[in-house]
Structures are given as C-alpha cells and as structure tokens.
Amino acid sequence: MSAYVLRRLLYAIPILLGVNLLTFVLFFVVNSPDDMARMHLGGKRVTDAAIEQWKVDHGYALPLLFNAQAEGGDKLTETILYQKSLKLFQFQFGQSDSGRDIGYDISQRMWPSLAIAIPTLLVGLLVNITFALLLAFFRATYLDFWGVVICVTMMSISGLFYIIGGQYLVGKLLNLVPISGYDTGWASLKFLVLPVIVGVIGGIGAGTRWYRTLFLEEINKDYVRTARAKGLAEQWVLFGHVFKNALIPILTGVVVVLPLLFTGSLLTESFFGIPGLGSYTIDAINRQDFAIVRAMVFLGAVLYILGLILTDISYTLVDPRVRLE
Amino acid sequence: MGKPVFLLTDILIFVLVGLTLLFAWYAHRHEHLRAPWRRVVQSRTALGALVVLGFYVVVGLLDSVHYQPRIDTRANGDAIYSGEVRSLFDWIAGPLRANQEKTYSAPFAVHLYAKENIEQPDGSVVRDYPRLDHAGAHLANPDDRWADVAQHAERGLAWGLLVWAVGVLLLAAVRARLRRTALAESVGTLLRGRTHYPWHVALWTLLVMCLLIGLIATVGSHYHILGTDKVGEDVLYQALKSVRTGLMIGTLTTMVMLPAAILLGLMAGYFKGWVDDVIQYIYTTLNAIPGVLLIAAAILMLHIYLSNNADEFTSVTERADLRLLFLCLILGITSWTGLCRLLRGETFKLRELEYVQAAHSMGVRHFNTLLRHILPNVLHIVLITVVIDFSGLVLAEAVLSYINIGVDPSMDSWGNMINGARLELAREPVVWWSLAAAFVFMFTLVLAANLFADVVRDAFDPRLRNSR
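Trainee: Explain the confidence of the model for chain B here, please?
Mentor: Low pLDDT means the predicted coordinates in that region are not meant to be read closely. Residue and element names in this part refer to chain B. On average, residues of chain B carry a pLDDT of 82, and 97% of them reach 70 or more. Put simply, helix 17 (residues 462-467) is where chain B has its lowest mean pLDDT, 51, and helix 3 (residues 44-62) is where it has its highest, 89. In the predicted complex, the global pTM is 0.88; the interface-specific ipTM is 0.84.

Trainee: Hey, could you run me through the environment of L133(A) in this one?
Mentor: All names here are of chain A. Structurally, L133 can be placed in helix 6 (residues 102-137). Of the residues examined, L133 reaches a relative accessible area of 10% and is grouped as buried. A C-alpha to C-alpha distance of 12 Å links L133 and V237, two positions 104 residues apart in sequence. Beyond its immediate chain neighbours, meaning those up to four positions away, L133 contacts F215, L238, F239 and F243.

Trainee: Would you explain the packing of aromatic side chains in this entry?
Mentor: Aromatic ring pairs: the centre-centre distance and the angle between the two ring planes describe each pair. The full count for this structure, using the stated rule, is 13 aromatic pairs over all chains. Pairing F161(A) with Y162(A) gives two aromatic rings, centres 6.4 Å apart and planes at 70 degrees, and the pair type is edge-to-face. Taking relative accessible area as the criterion, F161(A) reaches 37% and is therefore assigned partly exposed. An aromatic cluster of at least three residues, connected via ring pairs, comprises F161(A), Y162(A) and F439(B).

Trainee: I would appreciate a short explanation of the pattern of salt bridges in the present structure.
Mentor: A side chain with one charge may pair with a side chain of the opposite charge, provided their charged atoms come close. Counting across every chain of the model gives 20 salt bridges over all chains. The partner of D222(A) in a salt bridge is R225(A), with the nearest N and O atoms 3.5 Å apart. Of the two residues, D222(A) and R225(A) are both situated in helix 10 (residues 222-229); the distance of three residues between them amounts to about one turn of the helix. Like R225(A), D222(A) is exposed. In this structure, R38(B) and E31(B) form a salt bridge, with 3.7 Å as the shortest nitrogen-oxygen distance. What makes R38(B) partly exposed here is its relative accessible area of 31%. Connected through salt bridges with shared partners, the residues R209(A), D454(B), R457(B) and D458(B) form a single ionic network.

Trainee: Help me out: how do you make sense of unusual backbone geometry in this one?
Mentor: Negative phi is the rule for most residues except glycine; trans is the rule for most peptide bonds. With a phi angle near 60 degrees, A140(A) is a residue other than glycine that sits in the positive phi range. Here A140(A) is to be found in the loop between helix 6 and helix 7 (142-156). The exposure class of A140(A) is exposed, given its relative accessible area of 76%. Its identity as a non-glycine residue notwithstanding, K272(B) has a phi of 50 degrees, on the positive side. In this structure, K272(B) sits in the loop between helix 9 (235-271) and helix 10 (273-288). Under the relative-accessibility criterion, K272(B) is labelled partly exposed at 31%.

Trainee: For this particular structure, what's the right way to read the pairing of strand 5 (residues 116-119) of chain B?
Mentor: Strand residues, when the strand is regular, have side chains that alternate between the two faces of the sheet. Residues and elements named next belong to chain B. Pairing analysis gives four bridges linking strand 5 to strand 6 (residues 125-128), with the strands arranged antiparallel. When the sheet's bridge partners are listed, I118 is paired in strand 6 with V126. A loop of five residues connects strand 5 with strand 6, the two strands running antiparallel in sequence, and G123 in this loop sits at a positive phi of about 100 degrees.

Trainee: Is there a simple way to think about the interface of chain A and chain B in this case?
Mentor: A common measure of how large an interface is: the accessible area buried when the components associate. Listed by partner, the interface residues are 45 residues for chain A and 48 residues for chain B. Counting each side, the surface lost to burial between chain A and chain B is near 4000 Å², with a carbon and sulfur contribution of 73%. Area buried by chain A at its contact with chain B is led by S156(A), I285(A) and Y304(A), which between them contribute 13% of it. Our enumeration of links across chain A and chain B arrives at one salt bridge. Measuring nitrogen to oxygen at the nearest pair gives 2.7 Å for the salt bridge that ties D454(B) to R209(A). For the side of chain A that touches chain B, the secondary-structure elements that each account for two or more residues are helix 1 (2-29), helix 2 (33-41), helix 7, helix 8 (159-173), helix 9 (189-219), helix 12 (266-272), helix 13 (277-287) and helix 14 (290-318) of chain A. Grouping the amino acids of the side of chain A that touches chain B by side-chain chemistry returns 28 nonpolar, 11 polar and six charged.

Scoring rules and cut-offs
Residues numbered from 1 in each chain as written. Chains lettered and ligands numbered in written order. Predicted model: local features only at pLDDT ≥ 70, side-chain atom pairs only at ≥ 80, totals over all residues. Heavy atoms only, no water. pLDDT = per-residue confidence, 0-100. Helix = DSSP H or I, 4+ residues; strand = E, 2+ residues; numbered from the N terminus. Buried < 20%, exposed > 50% of the residue type's maximum accessible area, 1.4 Å probe, protein only. Contact = heavy atoms within 4.5 Å. Phe/Tyr/Trp six-rings, centres within 6.5 Å; stacked < 30°, edge-to-face > 60°. Salt bridge = Lys/Arg side-chain N within 4 Å of Asp/Glu carboxyl O. Pairing = 2+ DSSP bridges. Buried area = accessible area lost by both parts, 1.4 Å probe. Nonpolar A, V, L, I, M, F, W, Y, C, P; charged D, E, K, R; others polar.

Structure representation (structure tokens):
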C-alpha cells in the first residue's frame, strides 16, 4: 500500500504543475502585469513611470519566462514564472499585493475556519444520518413521502436565505447571539453557534436525501433479505447490517472533503464576519489581490489531491474487499 | 416599431430552443426515447412542474427578443433610434417598467418609505411621507386603497378565469371531437383527472398561473405589488426580468460544456490507453482548482480586459451580455468534469458489449461506432445531468453575484437583488420586499426544476426504476 500511496503522491506533481501553469497563463499571459498595475492604480490616466514603480514594488518587474540579463542560474529563477508560480511548490506564498505575508495570514486564519467547519460537519452528519435512517425505516409510508418532499423543498431554498434568515431571526429579533464577529478562546463560542446551526440546517435537505438513497440501495440487497428471512427484527436489520454497509460510501464521501475544511466556507465566514480563510479569499477577490488568489488556488489544489489520496486509503481501511495495487 | 438587436446570448438561447425542438422531434420518432418521456408526462408532479417551468421559459424568451425603440423621425424620413435596448417583455410589462418612484416604497403602499419636505398649498412646509408618483395616484383619498385594490383584483381574477375557461373549453372541444363524446362529458373527465395523462394537474396549475397573471396585469399597473427598490424601480418587474438571467445561466452553461464533456468522455472510455490518461489528467487538474477561485480569477481577468477596452462596446447592455456569456463559459469549464467522468465510465462498459464488438469486427470506423452505437446509449446520462445541474446553477448565480463575480451589476438578476437588499434589513422599518421577491421567484423555479429532474431521472435510469 505504501507503494501505491507513493505513486499517487508522485502523480500529484504533474497535476499541481498543470494547476500552476493554468494560473500562470491566466494571470500573466492573458493579461500582462502592466494591465494589472494600471487597474490597481486606477484607469487610463496613469503614467508609465507609476506603472513601472508598482511593478518593482510588487516584484512583477521581471521577464515572464527567461531573464537574459541575469547571471547563470538566475537566468531562470529571476523570472515571474519562478518567483510567482514555482515558489508556491515550496509553500512560499510571498507577499500579497497590499504587502502582507500570505503564509503567515493563512496560518493565522485557518483556525477560525476549522472552528466553524468541523462542528458543522460533525453535527450535520449526525443530524442527516439520523433523519435518513428514520426515513429508511419508514420507507414507502406517508412519513417517508413527506420527508422527501420536505428535503426537496429545503434543497430548493438558496443558501443565502438560510444565512440571512438565521441572522435576522436569531440575531436581530430574538437577540440571542451576536450577528457577526469573532473572539479568541472560549469567548468565540457565542459567535460560532449561529453559523454552525445555519450551516447544518442548510445542509439537511441534500444530505438527508442522499443518505436515504444510500440506505435504500443497501436495503434491497440479498444479504438484507437473508437477515430478514432468518427472523431478525427490522431495527436490527437496519442498524446491524444496512447501517454498517451504507457507512462505507458515507465515510469515504466525508474523507474527501476533510482537507478542504481548512479553506473554510466563503459565504458563512463573510456573512458572519469570521476571520477565516473563506473570508480571506472573498476579501482578496473583492480587492483584486491576485497574489492571494494564486496562493489559495494552489492551496486548494493541494488539499483536493490530498483528499483523493485519503479517500483511497480510507476505502481499504473500512472495506476489506478493496485492495490497492 | 424599432430596430431589432441581436445580443450574443439571445442568438444562443434561440439556437438552444431549436436544438431542443430537434431533439423532441428525434425522440418522438424513436420508441425507446418516447417511452420514458411518456412516463415523465404521466407523473403528476412532473406535469405541474412543467407548467411552472413553461411560465418561466415564456417570460425568459420574451425577454430575449431585443430592439432599440424608435424615438423620432428625421425630416428626410429616416428613423432615429434610442440608445437603450429593450425587449419584447419590457413592452408587454410597460406600466410595471414605467411607474418609477423616487425610492423605497412598501408593497401596495401609496406613500413613500422616507419622509420628505412637502410644500403645502398655503406655502408652509411639512415633513411627512409624500404620496407616490404612480402607485395609487388616481385615488383622491388614500384610505380607499384596499377597496380599490380589491376592485382591481376582482377584475384581474375574472379575466384570468375567463382566459383559462376558454382554454379548457377549446381543449375539451378538441378532445370531444377526437373521442366522439359530448363536450360536457369531456370537460368533466379533463378536470377530474379521469384521463390517461394527468391533464387535470396541468390545468389546475395553469389556472393558478392565469389568475396570477390577471392580478399582475390589473393591480400591477396601479400599485407596486412587491414594492419598489432603492431607486424606485418596481420590484416585481425586476424579479421578472431576472428570470432571463437565471434561465441563461442554467441552460447556456450546460450547452457550452456539453460538446467538450461528451467528446472527451466518450473518447476516454472508448480508446483507453494514453488518450484516457491525458483526458483524465485534464479533468483532474481542472477539478483540483477550487471552482469559485477559478471563476473569480477568470472574471477578474475579464474586468481588466473590459476596463482596458472600454471603447469597444456600444452599450451597457452589450457589455453586460458579454459578461453573462463569459460567466456561462467559465461555469461550464468548472462543471463539465462530472459529466465527463460519468460518460467515461459508461463507455467503458458499453465498448465491451457484443454489438459494439460486432461493429468493430465488421470494420466500422471508430468515429461511426462512437456516433451510432455508443452515443445514443449514453444520451440518457447526458439528459439526466443537464436537468439535475440546472437548479444548482440557478442557485450558484445568486452566490456568485454576492461575491461580485457573478453577472454584471447593471443586469437584473436575483443575486444582484439579494446583494442590493441585504444591508437594508438593518433599517427600521425593515425593507424586506426585495429579498423576499428574489427568494420566492428563485425558490419556485428551483423547486419546479428539482421536482421535474427527479421524475426525469427515475424515468430514464432503468437501474433506479427496478430497485424501487
């Protein structure tokens, strides 16, 4: 298995290179650093000198691929491709366009993101699986039918509605918790309750319906019929057999998103004013800070690939039938 | 009347309508495609959802016929056209668009939301809520407004009912003629649902739609049913205009992604080997980039392009249109990978089947095998994915517009409405109508699409059908 994991890790390199190349083309070839400088400095009435100064300040005053004026190995390293793109591989994110150290910002901001994402995931799983089991137990009854109808209805409501509605109802009308903000340590708890609840409620529709399908798929299999045939009570069939086997796709589905929890939720964080990576990304997009966007793209790609590898490994752990070669 | 204007998205949407009709004709001639559609139409939910979707589609298509209105005629007979681009829908919804107030006003209000200095006839100045310029302007006494609203509503409902009744009668008459039964009997069977297809669901949904349209037509031209927004525009009009944007995002996105997804998916599954490796590499790489960031990066690049080439666009509408199309394109690039992977897996299975092997042994070219033997057998997957993706894309538009990487801020869309009204919840009294209107319109469309998608999936996916 270690050989398999090693191969997957090696396979990640060309993918990351591809991601890097794509962002490089998008940020530096489609639009030149001159265009970027002009937009940051504002419009057309910008002198060439100001543009040059901006490029020097932010490290963009280099040739794209090959620096003929530099010495030796610097011919390749003193270029935008190396400085701005390839350095990401060493997790050196450099400075944002407003002059802050991106690596430091990320290491600071990932904890609030996790503080929201992990409880939302765990509570959401618990709630969704409970509801799904309930619907599977009462399958083909009115309860099941209306349960699914409610799920579809909840799925059809925009996520923005849950957030705005939750803020308005709990924060403004009932005055139970502050609408937005963040604090350190245990004091942050009162800021976390509402985003977590809203996140869980927003996920119930799609989650419950998906898990219900998984349970129903298992329920129709032969071994379940055997279990019933030998006289096992329905609740034991459900918990002992169906639940255990349906857990395999559920678990692997969770594992794949685990690494991405770091990057946080864009909407929740920006609405609730939580200083996590999600709001960091949104702020960067709104301020048109390309250095941060590039860093987050790379980070997201690394975490995605990590998620895929973890999924494969988790398959072998929970399902003895799967072997990795 | 005016000079027709063809925006890029207009052309594409009508091409899409044409393709859909072509597909319908193709499906009609093939029994194996007709059978699942028959199952779809037999479902009551699907038929009801279809009527609602049809309403949205009609509004969207009417809003896709653009023209520049004629404002004057020169001495030599040449027409002078306005620089503003309007649509057929604007023309139909004339009073809704024209009745612009100064700023916010609540639904059915006759007074403005904010106080102003009003000059009295005797010259003194009072600070009070002024009357609206258009809504309820015909009332001498504002206290009469509910009686007046009720009167207009009655008239609207009566009209709606009348139109619906005439429609039902026509349908029943055709049915009676075909089946050789009495007209009254035909009406009865239609409305009570004693027919093979659940026509009654469609008809009752249609009745609700007719009544609503009647209400909008009569009450809407004298009051702002859903209030007005910050610059005094009718919220109902905005919400209806947003229908086009939502539909565009939902349909054009899948349309631009389909060719690539189908071609690459089929090729990866059919040829295997290095072709498969390359295609897998492409979609894993694209998938690895967080979707929102890729969209953001692309839209930021478009921003730069637009701000540096501002002279190339003759009107705001044209620029907004280009941005919409670009958004569809980039959303398509982020979302084609799922379908591609599904098609690859299915083609893997199909290429080992006997009939494909037989075609191969008889020397049929690869291209022909793919086109004639594989493609028709994966079309149901394409259809299911398109229908399921639709609602997700409509919802995504709102989120993207909120982060300012969605459609152009000058374009009517539910996302822009929500974004603009979000901060107004802090006001006292609360300005809730813009938010509510956007959410309700979006919810109705997405719910109808979700319900329809469920039925389509059940009808086309034999594996799921047998497991029920």
